[in-house]
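Here's the letter readout for the chains.
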Amino acid sequence: MNRLNTAFITLLILLLSVMPARARQTLGSSQSLSFCEDGGRLALVLGGGGAKGAAHVGVLKVLEEAGVRPDIVVGTSIGAIVGGLYSIGYTSSQLDSLFSSRQWLQLFTREAIRGNAIKAMLDSLVQTSARQSQTLNSISAGLDGRKWPLFACVASDLPSFSEVVLTGDSLARNMRASMAIPALFKAVRFDDYVLYDGGVFNNLPVDVARQMGATRVIAIDLTVNHPDDDDEESPSELKQILDELFNLSDAKGIVGWLFNRPDFKKYRKNCKDADVYINPPLYDYDAADFSRQAVINMIGIGEKAARLQIETLQNCKP
């Protein structure tokens, strides 16, 4: 990918919090669903937003208190990190400690971003998780052990400019791919894929959860600058003129995406398709606010937003 394309994508990630969904591929092995054996499957969808992902932790605190246990967890970018760790047994309290720790904050320094510190930490967290410990103990004892929710995260294969849904295989690799902001983080490469941040294509993947069998969806959206309803329906005069001159509506890749912006319609549909929609008011924070105090504040904001819907959340119990 040339520098111009990389620069385009970086601007999109940093300045726009709502991204599109085009062609989708699914990589990884299938997994069985755990809870809601009566046929109802509850999904938890965690959106992207950089440091604002701390608010996810606050929402998880309330879900735990309400006794809500999802069958499916789907995340994008920081939502993939929180959701991936939550799906293998990390509690909201443990995630709170992780987000507030000096080790976590140091991961987002320039030196750490350029290196492999984040992948190493994710590998370590996966290896010391409750699910890993139970798997080893169950194998030695010949037991089935606790069932875990199905997890998937969204990444972007930039050479083909397409969305990729990652399940199974290497959880640490998948989480790392979903949060790899172009030009800031190294891409995750395997097979023929070059994977970057999933927010380029699907920042609130409610549709992915539905395709995985979810009958009920709780979505946590970190977006604060929502696209207006007319953004897609009322094209500007300039857009109409350019389309007549250059037929840009049929353009492919980055140019076509920039011109047509299908992400607005996709994002609005995903928001409306959630049974419970939680949108913490994070107006005073941005994706780069990784200071310890900002993290603490955002966890509190997420918790408060979820408590406003506590009765609805309690109805989501299996």
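Here, every reference points to the structure presented above.
Let us look at the structure shown here.

Definitions and limits used
Positions within a chain are numbered from 1, following the residues in the order the chain's sequence is written. Owing to the predicted nature of the model, reporting of local features is limited to residues with pLDDT of at least 70; listing and counting of side-chain atom pairs is limited to 80 or more, with chain, interface and lining totals taken over all residues. To get the side-chain values, all heavy atoms of the structure are used, and hydrogens and water are removed first. In this description a helix means any DSSP run of H or I spanning at least four residues, a strand means any run of E spanning at least two, and both kinds are numbered starting from the N terminus. Here the term buried applies to any residue with accessible area under 20% of the maximum for its type, exposed to any over 50%, and partly exposed to those in between, with areas from a 1.4 Å probe on protein chains only. Contacts were defined at the residue level, with two residues in contact if any of their heavy atoms lie within 4.5 Å. All accessibility values rest on the Shrake-Rupley procedure with a 1.4 Å probe; residue burial counts only the protein chains present in the view. What counts as a salt bridge is simple: a side-chain nitrogen of Lys or Arg found within 4 Å of a carboxyl oxygen of Asp or Glu. Fitted lines through C-alpha atoms serve as axes, helices being fitted only where they are in contact, and the angles separating the N-to-C directions of these axes extend from 0 to 180 degrees. Working definition: roughly parallel below 35 degrees, roughly antiparallel above 145 degrees, roughly perpendicular at 65 to 115 degrees, and oblique for all remaining angles. A clockwise turn of the near helix away from the far one marks a right-handed crossing, whereas an anticlockwise turn of less than a right angle marks a left-handed crossing. By the convention adopted, Pro, Cys, Tyr, Trp, Phe, Met, Ile, Leu, Val and Ala count as nonpolar, Lys, Arg, Asp and Glu as charged, and the other residues, Gly among them, as polar. For two strands to count as paired, DSSP must find a minimum of two bridges between them. Here, the term right-handed applies to a crossover whose path from the first strand over the helix to the second runs clockwise when the strands point away from the viewer. Throughout this description, the term nonpolar core refers to a set of buried Ala, Val, Leu, Ile, Met, Phe, Trp, Tyr and Cys residues connected via side-chain atoms within 4.5 Å. In summary, the pairing rule links any two rings of Phe, Tyr or Trp, Trp by its six-membered ring, whose centres are within 6.5 Å, and it sorts them by plane angle into stacked for under 30 degrees, edge-to-face for over 60 and tilted for everything else. In our convention, an over-ring charge means Lys NZ or Arg CZ found within 6 Å of a ring centre and within 35 degrees of that ring's normal.

Helix and strand content of the chain: 16 helices and 9 strands. A total of 318 residues make up the chain; the buried ones form 53% of that total. When contacts within the chain are restricted to residue pairs at least 6 apart in sequence, long-range pairs at least 24 apart make up 77% of them. Here the chain has roughly 14,700 Å² of accessible surface; of this, 50% comes from carbon and sulfur atoms.

Looking now at the pattern of salt bridges. Proximity of charged atoms lets side chains of opposite charge pair with each other. Under the definition given, this model contains 6 salt bridges. The residue Asp123 makes a salt bridge to Lys119 at a minimum N-O spacing of 2.7 Å. Placement of the pair is Asp123 and Lys119 together in helix H7 (residues 117–127), with a separation of 4 residues, close to one helical turn. Taking relative accessible area as the criterion, Asp123 reaches 29% and is therefore assigned partly exposed. A salt bridge links Arg210 to Asp275, with the nearest nitrogen and oxygen atoms 3.0 Å apart. Of this pair, Arg210 sits in helix H10 (residues 206–211) while Asp275 sits in the loop between helix H14 (263–273) and strand E9 (276–278), and the two are 65 residues apart along the sequence. Note on Asp275: relative accessible area 45%, which makes it partly exposed. Connected via shared salt-bridge partners are Glu65, Glu303 and Arg307.

Further remarks concern unusual backbone geometry. The phi dihedral of Phe161 falls on the positive side, at around 50 degrees, and the residue is not glycine. Within the secondary structure layout, Phe161 lies in the loop between strand E4 (150–157) and strand E5 (162–167). By relative accessible area, which is 12% here, Phe161 ends up buried. If you check the backbone angles, Asp191 has positive phi at about 50 degrees while not being a glycine. Position of Asp191 among the secondary structure elements: in the loop between strand E6 (188–190) and strand E7 (193–197). A relative accessible area of 69% places Asp191 in the exposed class.

Let us now look at the packing of helix H2 (residues 54–65) against helix H15 (residues 292–307). Here H2 crosses H15 at 40 degrees, and the two axes come no closer than 6 Å. One way to sum up the angle between H2 and H15 is to call them oblique. The interaxial crossing formed by H2 with H15 has right-handed handedness. On H15, the residues touching Ala54, Ala55, Val57, Gly58, Val59, Lys61, Val62 and Glu65 of H2 are Val295, Met298, Ile299, Gly302, Glu303, Ala306 and Arg307. Along the lines of polarity and charge, the residues of the contact of H2 with H15 split into 9 nonpolar, 2 polar and 4 charged.

This next bit is on the pairing of strand E2 (residues 42–46). Counting buried positions along E2 gives 5 out of 5 residues, so the element sits mostly inside the fold. Taking every second residue as pointing to the same face, both faces of E2 are buried, with Leu42, Leu44 and Leu46 on one and Ala43 and Val45 on the other. Across 5 bridges, E2 lies against strand E8 (residues 216–220) in parallel orientation. For Leu42, the partnering residue across the bridge sits in E8 and is Arg216. With 4 bridges joining them, E2 and strand E3 (residues 72–76) adopt parallel strand pairing. Pairing of Leu44 across the sheet is with Val73, part of E3. A crossover connection joins E2 to the parallel E3 through H2; in handedness this β-α-β unit is right-handed.

This part is about the nonpolar core. With 75 residues, the main nonpolar core has Leu85, Leu95, Trp104, Leu195 and Ile218 as its most contacted residues. If we skip the residues at most four places from it in the chain, Ile218 touches Leu42, Ala43, Leu44, Val45, Leu63, Val68, Val276, Ile278, Leu313 and Cys316. Counting residues in each nonpolar core, the second largest holds 19 residues, with Ala152, Val165, Val217 and Ala219 among its members.

The next point concerns the packing of helix H3 (residues 78–87) against helix H4 (residues 92–100). Across the interface, H3 lies against H4 with an axial gap of 10 Å and an inter-helix angle of 140 degrees. Judged on the interaxial angle alone, H4 and H3 are oblique. In this structure, H3 crosses over H4, and the sense of that crossing is right-handed. Contact with H3, carried on its side by Ile78, Val82, Leu85 and Tyr86, involves Leu95, Leu98 and Phe99 of H4 and no other residues of that element. Class assignment for the residues of the contact of H3 with H4 results in 7 nonpolar, no polar and no charged.

The subject of this paragraph is the packing of aromatic side chains. What the rule picks out here adds up to 3 aromatic pairs. Ring geometry for Phe190 against Tyr193: centres 5.9 Å apart, planes inclined by 40 degrees, an arrangement best described as tilted. Assigned by exposure class, Phe190 and Tyr193 land together as buried. Positioned above the aromatic ring of Phe190, the side-chain terminus of Arg173 is 3.8 Å from the ring centre.

Geometry only, nothing functional implied.
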